[in-house]
Amino acid sequence: HRPPSTRLALLPARHTAADTVLRCARARTQSAALTMAISDQPIEILETRTETDGKTRQTFGFRITGSEEKPFIKMTMEAGPETELVPVTVGFPGLGVILEQKVLSEGPVIVVDDKEKTGTAIDDLEVGDILRAFSAVYTVTPPADTLSFYANPPKKVNVRGMFQVDGKNFAKTIAALQSNGELVDRFGEKMEVNEISLVVERKKKAATDPASADA
């Protein structure tokens, strides 16, 4: 029995149902939306530790909250001896990659299966990359540092957070990616998300032997 292998093109040139959702979410309120400024350093590696079994554990700080009180969202992930974690920040929407769910020896994962000719992520992501985490939009009760911007605070607001990918749930992962098409409440204004931060797990490139390279 073959596992689910739904494909999704995250590029406007391919008019999939999922892409239509992303377009409509912005079209409804675009006239009242501001654009978020791109962070100078949206992802920082806060800690790296190599375990005795060869695995690498890294803690990342994602500067996506817009809050001076809590500027980082921290997330710790682990890569195997033959892989490495690669953090990237790319423009959104229009990534230009196709994701697919595959079953590897360690279980189901969501991978970059193909790339389009154009897109914001085609230079940063590689075919075979395993999607581990990315920024998404969540609807929550307003945080304390958000309430001060409203004379009449709303009961719910949209804020940015990090989504940790579960390879078993492709549909939930795609829905989380699509959430970036929603407007975010920041400083009492509605703002568009124009970049997303991702972490992928990638096979390490084989080291080149200097002697053989000179030959």
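Not measured: the values here are computed from a predicted model.

**Considerations on unusual backbone geometry**
Then, in step 1: Cis rather than trans, the peptide bond between Phe92 and Pro93 has omega equal to 0°.
Then, in step 2: Assignment of secondary structure puts Pro93 in the loop between β6 (83-91) and β7 (97-104).

**Observations concerning the pairing of strand β9 (residues 130-140)**
Then, in step 1: Burial analysis of β9 places eight of its 11 residues in the buried class, the great majority of the element.
Then, in step 2: Across four bridges, β9 lies against strand β13 (residues 195-203) in antiparallel orientation. When the sheet's bridge partners are listed, Ala133 is paired in β13 with Val199.
Then, in step 3: Examined bridge by bridge, β9 and strand β10 (residues 157-164) share eight bridges and lie antiparallel to one another. Among the inter-strand pairings, Ala136 is bridged to a residue of β10, identified as Gly161.

**Looking at the sheet that holds strand β5 (residues 73-79)**
Then, in step 1: Read from one edge of the open sheet, three strands run β3-β4-β5, paired in antiparallel fashion. Of all the strands in the sheet, the pair left with one neighbour each is β3 (43-50) and β5. Across the sheet, the axes of successive neighbouring strands diverge by a mean angle of 20°, strand direction being ignored.

**Examining the environment of Pro42**
Then, in step 1: Within the fold, Pro42 resides in the loop between β2 (34-35) and β3.
Then, in step 2: Remark: the alpha-carbon pair of Pro42 and Ile196, spanning 154 residues in sequence, is separated by 9.2 Å.
Then, in step 3: With sequence-adjacent residues up to four places away left out, Pro42 is seen in contact with Gly61, Phe62, Arg63, Thr89, Glu195 and Ser197.

Cut-offs and rules
- Residues numbered from 1 in each chain as written.
- Predicted model: local features only at pLDDT ≥ 70, side-chain atom pairs only at ≥ 80, totals over all residues.
- Heavy atoms only, no water.
- Helix = DSSP H or I, 4+ residues; strand = E, 2+ residues; numbered from the N terminus.
- Buried < 20%, exposed > 50% of the residue type's maximum accessible area, 1.4 Å probe, protein only.
- Pairing = 2+ DSSP bridges.
- Axes fitted to C-alpha atoms, helices over the stretch in contact; angles between N-to-C directions.
- Contact = heavy atoms within 4.5 Å.

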